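A look at the structure
The chain contents come next:
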Amino acid sequence: MSKALEDAEASLPQPASDQQLRLIAATILEVAGDGERDPIRLKTAALSALEPDVGEADRTPPPTTDSERSP
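Attention here is on the structure that accompanies the text. Predicted model, so just to flag it, every value in this text is computed and none were measured.

This paragraph deals with helix α3 (residues 39-50). Helix length check: α3, at twelve residues, gives a terminal C-alpha distance of 17 Å against a target of 16 Å (1.5 Å per residue), a fit within 8%. Along α3, the residues classified as buried are L42, A45 and A46. Summarising the axial view, the buried residues of α3 lie within an arc of 95°, below the 170-degree limit, and thus occupy one face. Along α3, the residues that are exposed and aim more than 90 degrees away from the buried face are I40 and R41.

Listed below in structure tokens is the structure:
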């Protein structure tokens, strides 16, 4: 688990925040608690927990009328 945490931290833009590191560690512990032991999978799970949800807040709806479209 420590290898997964170190690798995940090393792949973040520097410096990593305490909040990011706590989330990574918590995710690694959760996934390991479910039985995963592969450091690469633990790292992948931890980093995916940092990714923002793709959805409503990040997407701009497409224009609906000709006046809203860019030329």
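Here the focus is the pattern of salt bridges. Counted according to the given criterion, the structure contains three salt bridges. Across the pair D7 and K3 runs a salt bridge whose closest N-O atoms are separated by 3.0 Å. Of the two residues, D7 and K3 both sit in helix α1 (residues 2-10), four residues apart, roughly one turn of that helix. Residue classification places D7 among the partly exposed residues on the basis of a relative accessible area of 27%. With a shortest N-O distance of 3.8 Å, E36 and R41 are connected by a salt bridge. Residue classification places E36 among the partly exposed residues on the basis of a relative accessible area of 22%. A relative accessible area of 53% means that R41 is categorised as exposed. Residues joined by salt bridges that share partners form a network here, namely E36, D38 and R41.

Definitions and cut-offs
Residues numbered from 1 in each chain as written. Predicted model: local features only at pLDDT ≥ 70, side-chain atom pairs only at ≥ 80, totals over all residues. Heavy atoms only, no water. Helix = DSSP H or I, 4+ residues; strand = E, 2+ residues; numbered from the N terminus. Expected span 1.5 Å × (residues − 1). Buried < 20%, exposed > 50% of the residue type's maximum accessible area, 1.4 Å probe, protein only. Arc of directions from axis to C-beta. Salt bridge = Lys/Arg side-chain N within 4 Å of Asp/Glu carboxyl O.

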